[in-house]
Each structure stands twice: as C-alpha cells, then as structure tokens.
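Residue strings, one per chain:
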Amino acid sequence: MTDAPARNLATWLPLVTGFDGQPYISCTSVAALLEYCATTIRITGLDGEAAAELLDGEGAALNVRAIAQTANP
C-alpha cells in the first residue's frame, strides 16, 4: 500500500461566498473532488481506514477554506 498524496485537492477548488454569507462550491468541483478521492484510492490501493483518512483530510481542508472565506476581517 502506498501513502495517499499529501496535497489536498480541496485547497485548489474555487469557493464563492453567497448573498447569505455562506461559502459555496460548484457541483462540478464536488464531482472533481469525489473523482480525485476515488482515483487516489484505486491507484494507491488504500484500505478502508486509509481511504477514510483521505476523505477526512479533504473535508478538513475544505472546511478550513470555508471558514477563512467567511471570517470577519
């Protein structure tokens, strides 16, 4: 088994702030993130726990960006 890539795709996906002040990501970006995770799991042969860690890492990276995007200056 190979370790998952260290770079989070979620750090590169475009986020926008809606009129309601909430961060949003496009459906296309969500699809790209899911495909990236699935491809990484297949190529590296990650087991269940390692795959879950990959997904957790991508989710955490996206959450950090969402908080930063909507934080008061």
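We now turn to the structure provided with this report. (Residues numbered from 1 in each chain as written. Predicted model: local features only at pLDDT ≥ 70, side-chain atom pairs only at ≥ 80, totals over all residues. Heavy atoms only, no water.)

**Looking at the overall build of the protein chain**
Assigned secondary structure in the protein chain consists of two helices and two strands. For the protein chain, buried positions account for 25% of its 73 residues. Restricting the contact set of the protein chain to residue pairs at least 6 apart, pairs at least 24 apart contribute 65%. For the protein chain, the exposed surface amounts to about 5,000 Å²; the carbon and sulfur share of it is 61%. (Helix = DSSP H or I, 4+ residues; strand = E, 2+ residues; numbered from the N terminus. Buried < 20%, exposed > 50% of the residue type's maximum accessible area, 1.4 Å probe, protein only. Contact = heavy atoms within 4.5 Å. Areas by Shrake-Rupley, 256 points an atom, 1.4 Å probe, with all protein chains shown as cover.)

**Notes on the nonpolar core**
In terms of nonpolar packing, the biggest core is built from 13 residues, with L9, L33, C37, L46 and L62 touching the most fellow members. Among the elements that make up this core, the one with the highest residue count is helix α2 (residues 48-70) (five residues). Beyond its immediate chain neighbours, meaning those up to four positions away, L9 contacts A32, L33, Y36 and E58. (Core = buried A, V, L, I, M, F, W, Y, C linked by side-chain atoms within 4.5 Å.)

**A look at the side chain of E58**
Examined against the element boundaries, E58 turns out to sit in helix α2. At 3.1 Å, the side chain of E58 and the backbone nitrogen of L9 are in polar contact. A polar atom in the side chain of E58 sits 2.9 Å from the backbone nitrogen of A10. (Polar contact = N/O pair within 3.5 Å; in protein donor to acceptor, adjacent residues only side chain to side chain.)

**Details of the environment of A66**
The residue A66 is located in helix α2 in this model. Judged by its relative accessible area of 16%, A66 is buried. Placed 44 residues apart in sequence, A66 and Q22 show a C-alpha to C-alpha distance of 8.2 Å. The contact partners of A66, leaving out residues within four places of it in the chain, are L15 and P23.

**Things to note about the environment of D47**
Among the secondary structure elements, D47 is positioned in the loop between α1 (27-44) and α2. Classification of D47 by relative accessible area gives partly exposed; the value is 41%.

**Focus: α1**
With 18 residues, α1 ought to run about 26 Å at 1.5 Å a step, and its terminal C-alpha atoms sit 26 Å apart, in line with that. Of the positions making up α1, those classed as buried are S29, L33, Y36, C37, T40 and T44. Projection of α1 onto a plane perpendicular to its axis shows the buried side chains occupying an angular sector of 95 degrees, all on one side. Exposed residues pointing more than 90 degrees away from the buried face of α1 are listed as C27, T28, L34, E35 and R42. Once α1 ends, the next one or two residues include G45, with phi positive near 70 degrees. (Expected span 1.5 Å × (residues − 1). Arc of directions from axis to C-beta.)

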